[in-house]
Protein chains: 4
Amino acid sequence: MMIVMKPDATREQTAAVIAKIEASGLAAHIIEGVEHTVIGAVGDGNGVNPEVFEVLEGVESARRISEPYKLASRQFNPKGSVFSFNGATVGGNEIIVIAGPCSVESKSQILETAHAVREAGATALRGGVFKPRTSPYSFQGLGEEGLEYMAEAREQTGLPIVSEIMSQVQLDLMVKYVDVLQVGARNMQNFNLLRAIGETSTTVLLKRGLSATVEELLMSAEYILAGGNKRIMLCERGIRTFETSTRNTTDINAIPVLKGLTHLPVLLDPSHSTGEADYVTPVARAAIAAGADGVIVEVHPDPAHARSDGKQSLKPEAFAQMVRQVKAIAEVLGRRVAPAPTARS
Amino acid sequence: MMIVMKPDATREQTAAVIAKIEASGLAAHIIEGVEHTVIGAVGDGNGVNPEVFEVLEGVESARRISEPYKLASRQFNPKGSVFSFNGATVGGNEIIVIAGPCSVESKSQILETAHAVREAGATALRGGVFKPRTSPYSFQGLGEEGLEYMAEAREQTGLPIVSEIMSQVQLDLMVKYVDVLQVGARNMQNFNLLRAIGETSTTVLLKRGLSATVEELLMSAEYILAGGNKRIMLCERGIRTFETSTRNTTDINAIPVLKGLTHLPVLLDPSHSTGEADYVTPVARAAIAAGADGVIVEVHPDPAHARSDGKQSLKPEAFAQMVRQVKAIAEVLGRRVAPAPTARS
Amino acid sequence: MMIVMKPDATREQTAAVIAKIEASGLAAHIIEGVEHTVIGAVGDGNGVNPEVFEVLEGVESARRISEPYKLASRQFNPKGSVFSFNGATVGGNEIIVIAGPCSVESKSQILETAHAVREAGATALRGGVFKPRTSPYSFQGLGEEGLEYMAEAREQTGLPIVSEIMSQVQLDLMVKYVDVLQVGARNMQNFNLLRAIGETSTTVLLKRGLSATVEELLMSAEYILAGGNKRIMLCERGIRTFETSTRNTTDINAIPVLKGLTHLPVLLDPSHSTGEADYVTPVARAAIAAGADGVIVEVHPDPAHARSDGKQSLKPEAFAQMVRQVKAIAEVLGRRVAPAPTARS
Amino acid sequence: MMIVMKPDATREQTAAVIAKIEASGLAAHIIEGVEHTVIGAVGDGNGVNPEVFEVLEGVESARRISEPYKLASRQFNPKGSVFSFNGATVGGNEIIVIAGPCSVESKSQILETAHAVREAGATALRGGVFKPRTSPYSFQGLGEEGLEYMAEAREQTGLPIVSEIMSQVQLDLMVKYVDVLQVGARNMQNFNLLRAIGETSTTVLLKRGLSATVEELLMSAEYILAGGNKRIMLCERGIRTFETSTRNTTDINAIPVLKGLTHLPVLLDPSHSTGEADYVTPVARAAIAAGADGVIVEVHPDPAHARSDGKQSLKPEAFAQMVRQVKAIAEVLGRRVAPAPTARS
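Residues numbered from 1 in each chain as written. Chains lettered and ligands numbered in written order. Predicted model: local features only at pLDDT ≥ 70, side-chain atom pairs only at ≥ 80, totals over all residues. Heavy atoms only, no water.

(A) Layout of the sheet that holds strand S4 (residues 59-63) of chain D. Residues and elements named next belong to chain D. Spatially, four strands are ordered S2-S3-S1-S4 in an open sheet, and the strand pairing comes out antiparallel. Both outer strands of the open sheet, strand S2 (27-32) and S4, are each paired with one neighbouring strand and no more. Averaged over all neighbouring strand pairs, the angle between strand axes comes to 20°, with direction disregarded. Across four bridges, the pairing between strand S1 (residues 2-5) and S4 is antiparallel. From the neighbouring strand, Val4 faces S4, where its bridge partner is Ser61. Lying on the sheet, helix H1 (residues 11-23) is in contact with S1, S2, strand S3 (37-42) and S4; it crosses S3 at an angle near 10°. (Pairing = 2+ DSSP bridges. Helix = DSSP H or I, 4+ residues; strand = E, 2+ residues; numbered from the N terminus. Axes fitted to C-alpha atoms, helices over the stretch in contact; angles between N-to-C directions. Contact = heavy atoms within 4.5 Å.)

Here it is in structure tokens:
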């Protein structure tokens, strides 16, 4: 249920509403808007009638949200979420470009890449240290050593860092290092992990599962939101279909669909959604043209020798050209690519 | 096999190559390029060795085309096909916008729509008169009466007309009226129909089947090309996947994939690929951003009362806005939306 | 709408109902059951009220059929359709086994196969003479010559013959020769062809399209039924999914789903639904265990040298073993494999 | 790599091979067969040549396994794995039937169900206590309380118990109670969880992901096998496709495909693969007919009031009939449904 307070509602009135929500066995989530405070009342609350809240003082309106996701619904925040992490902003007019290698392979590799993508116009740096590999015999990532290299790259370039978490047991370690926790496609419905992340305040990049529907993606976001963490970017990264000419099928429809259904920022990952470097730039352009709030792209200084995903990684020069084109298309739509934060050192 | 003639090859030398091709049990297809004449030798020719042709006078090179499609391969025409129909041009720098109702419903409906889309910037007019309906009890189209109304609309607006053919037995009738024969998704592998169309010289808009791969689409184009008709536009119109939030899933990857594999122009139909008017404009923008050579869009003066596909039809005002945005994105990529031909009357 | 006549309704009363149906702009379809005559009233009849018919004399009940398919609905014939073609019976307790090569390649090949499959226990002979091939350069079938060989095989073995029709223009020729017209997956929504077949009285084997839903298959059957032809067998032949370890994915669920929704017999084609000879027998067993009314299987005396589909063809010995296992499973379910008709010569 | 020892190889010779494997940076896995001991050498061993092992004493042959999965390959154990857990046997001629409610809801519910399914012929009891629910607001299971009820049910009926693990942090608790750890579809690629389970000796039921290929399922099994746990049953539970008439599409092809590729037992879950009680029995029959080593079925004493999955749960009477039919089909194939262990109390 969604309860909209009157513009002049007092703190006491808001507190009374929250008390009533909790007394009904529901949890209260508060969004402070410019004009209105909105309170979400979520839980297994089919039996609770909105009228119970409408009669309280300071309440403008109360109504049920018909979608199965509540806090993720656009109704809850019609203007759309905008938030910053370590100097980078996403949402609203700002378009974000996250770039970097699939895996952190060595200190020199990640530092070289970080400087290159920063120069080309990236807003944040990605790099995996725990790798979900299909084979138990493949390279599984550098672990904490990789996180230290990422932190060093942030120190040198100012770029916030994004890295994938694979398990609840990695949470404390990851939160210590990263600016954005990436939840990969294979863990989109690892509900224990989502719930644990919901209790942190670290920004999340939640990727759509290979065969997850748009609604299921929003339900997974709801797990994190229900825990109190509202800093979520959603990411379309291609779905699995019968077509084999590309690694996955980019569901470009999902961009306007998600923008209509939720207030959360929506990114696209053209590297995974195509699986082929040649198609990354055209599909990155398409993402921005369709209304995405950003892209996340794999860039490697030497794709032919990458330890993972080399086939779909752009070289820095190609990435720089991609950024120029993405910027031009963003301008057509009245938006801009967010500048990177300034380096600390 | 593909045989490239030397720039200064004589007519006699070319004729000798063709004679040799035919003597090998293959068919010859000629493309006159600016510098070179290229001759395709197609058929069940696994046993024929390219060296047989390389020794002929005037031949620069001969080689097998490894893809199963031959005449459709980009190798065959690396600069890409450009052609015109009734004053409209597609391919190269020109982007085409085809618009109109799903079905021709009445004379006034199609005339009103034709004038509206022309004014908004469309290059050609679409309208179905034979409708492939899932139910035998649904409206099946106006038939020849509808074609007469389409012809009248062309007369008044100058817009070339595009309409769907459903069966070989409609071919003579359709060719008499239309500028572009549309082959719908359900008939993409109606090989008898494709072969019959290959023997005409009418331009074709060949739509991808709901579950056809990109390679199968090219093989269907090959059926038409093998008959001698080279005026083919391909059209991505959404594929069938598990996702149900949209009618189909727009395979935006197919745009750069097809542009790499074939010289034929590639369009996208965001009306069918999304099934929802709200998503048509974002996905049309994405198509052009991804490198498509045009879009085909359903426009209806009164979508709520359309006899078919009302849910996915744009009103003329929304279409006009879509054209403006598509034009701006085309310019970013150094292209332009082709102007409509001038009306004759 | 479905109008059930009383057991003692007179011819005149039935005629009056039909007259009323036609006066309402609908078409009447009559099914003479053991106890009741049932009349289907189909067309664009949303506005016609069942009460109009319930007041007529001799009418027991009248009600709308909620599914989009009407004549195909099991409601229309709850006991299930049973019919014979040239001595073979399908439906009820009888399980049918159709076998033969993908393509008729020569007189000796089809005669040898026909005798082999008859001896192994097949009920009918399949063999393609018009082949829907993805490539225009592949073997396209023997055409009428092949039909003559099929007829000769029928003459020698008594097996009814089944062959695929690809186009409306082949209809007269096909009807002259075959006992069963097969409509292939690629033509399942070739509505003009379906409508033309509906006007014949030849038995039809209607295959599900690669990405057609169960409901769409029933709608295509409805096109044939609406024309008056009630002799339709449906056939699951695998759908297209992301899985690539088999050519297609056998949708075994479709067997009980279809048996619940429609009165038409339901077959399965394990050759196409798996694409691999090793998997044909296990999946044929599964089909019968799931409740299918028969199977259609590719058998070739020399699969390694078949001109098409050799990989998925059984040798006669393997086919004979398959029939033995299918018979044993049929018996567990209280059914039997229908014996082949006796040869005429 | 797979190294087959001679029938008369000594312990010392085997030990020498293992030492050589480990010295090559690989891990050794031993399977003691009736005639031969087979040693798997796995890891990132592309550079190691089989000839290095073939020259050792006692070695009959050494060769690379071409599939990406090694220990899971049928080559490694051609006769197929057979193993028991708490008195129940799976593999070989034995077919297993696991049954019980989706969720443990109360002590009386699980005890009533356990007695009912035991009487109907089940071999093991299933029941979820940690539920992976799409919505954070849905019932999430009884947790350890539910495990205690399951243990009580085992005590009373003798049935081994099967329950789903959702997270690595539940592992110690689960291993204490259950006979079989179920890994659900959503966790099939939760590689950290798989690796942790590989270090236990508890039997595992590994379910295929909604959009996982057969090869990916085997790669996930390889993660567990590589840790040393060989007691794995694989389970097809339906894949996600475009068809919406059932909850999922049962990939019946996967049964013979998996039986050919791996030595691990293969089960099918017709409750999830169809999503509808009416289709469970036909598809369970099909599974056994196709060669599955067992089925896992949802049974609830009162499906209409189940807290989850009621729509797809069989009542005990319907389940008893299913078992009778499954037994009859098993006998046709020369197999039998394994009897349940005897109760301890």
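(B) Just the interface of chain B and chain A, in detail. Counting residues at the interface gives 35 residues for chain B, matched by 35 residues for chain A. For the pair chain B and chain A, the two sides together bury roughly 2600 Å², of which 70% comes from carbon and sulfur. Where chain B meets chain A, there are two salt bridges. Taking the shortest distance from any N to any O, the salt bridge between Glu243(B) and Arg208(A) comes out at 2.6 Å. Our count for the contact surface shared by chain B and chain A stands at 14 residue pairs in polar contact (both at pLDDT 80 or more). Elements with a contribution of two residues or more to the side of chain B that touches chain A: helix H8 (254-261), helix H9 (270-274), helix H10 (277-290) and helix H11 (316-332) of chain B. Among the elements that make up the side of chain B that touches chain A, the one with the highest residue count is H10(B) (seven residues). Here the side of chain B that touches chain A is built from residues that sort into 18 nonpolar, 12 polar and five charged. (Buried area = accessible area lost by both parts, 1.4 Å probe. Salt bridge = Lys/Arg side-chain N within 4 Å of Asp/Glu carboxyl O. Polar contact = N/O pair within 3.5 Å; in protein donor to acceptor, adjacent residues only side chain to side chain. Nonpolar A, V, L, I, M, F, W, Y, C, P; charged D, E, K, R; others polar.)

(C) Broad picture of the state of the cysteines. Residue and element names in this part refer to chain A. Under the criterion given, the structure shown has zero disulfides over all chains. Sulfur of Cys102: no disulfide; nearest cysteine sulfur belongs to Cys235 and is 14 Å away. You can call Cys102 buried: its relative accessible area is 5%. (Disulfide = S-S within 2.5 Å. Buried < 20%, exposed > 50% of the residue type's maximum accessible area, 1.4 Å probe, protein only.)

(D) Structural detail: the side chain of Ser211(D). Note on placement: Ser211(D) falls in the loop between strand S11 (203-207) and helix H7 (214-226). Within polar-contact distance, the side chain of Ser211(D) engages the side chain of Ser211(A) at 3.1 Å. Setting aside chain neighbours within four positions, we find Ser211(D) in contact with Leu210(A), Ser211(A), Arg240(A), Phe242(C) and Glu216(D).

(E) Summary view of the relation of the copies chain B and chain A. Aligned on chain A, chain B shows an RMSD of 0.0 Å; the corresponding rotation is 180° and the shift along the axis is 0.0 Å. Taken together, the rotation and translation describe the operation of a two-fold axis. Of the C-alpha atoms belonging to chain B, the one lying closest to the rotation axis is found on Ala286(B), 2.0 Å away. Comparing interface residues between copies, 100% of those in chain B also sit at the interface in chain A, which points to an isologous, same-surface contact. (Least-squares fit on C-alpha atoms with pLDDT ≥ 70 in both.)

(F) Up close: the side chain of Gln109(A). Residues and elements named next belong to chain A. Here Gln109 lies in helix H3 (residues 107-120). Residue classification places Gln109 among the buried positions, given a relative accessible area of 6%. Within the structure, Gln109 has its side chain in polar contact with the side chain of His300 (distance 3.5 Å). Those residues in contact with Gln109, other than ones at most four positions away along the chain, are Pro101, Ser103, Val104, His300 and Pro301.

(G) Looking closely at the sheet that holds strand S2 (residues 27-32) of chain B. Residues and elements named next belong to chain B. Sheet architecture is open: four strands sit in the order S2-S3-S1-S4, paired in antiparallel fashion. Edge positions in the open sheet fall to S2 and strand S4 (59-63), since each of these has one partner strand only. Shown here is a sheet whose adjacent strand axes are inclined to one another by a mean of 20°, direction ignored. Lying on the sheet, helix H1 (residues 11-23) is in contact with strand S1 (2-5), S2, strand S3 (37-42) and S4; it crosses S3 at an angle near 10°.

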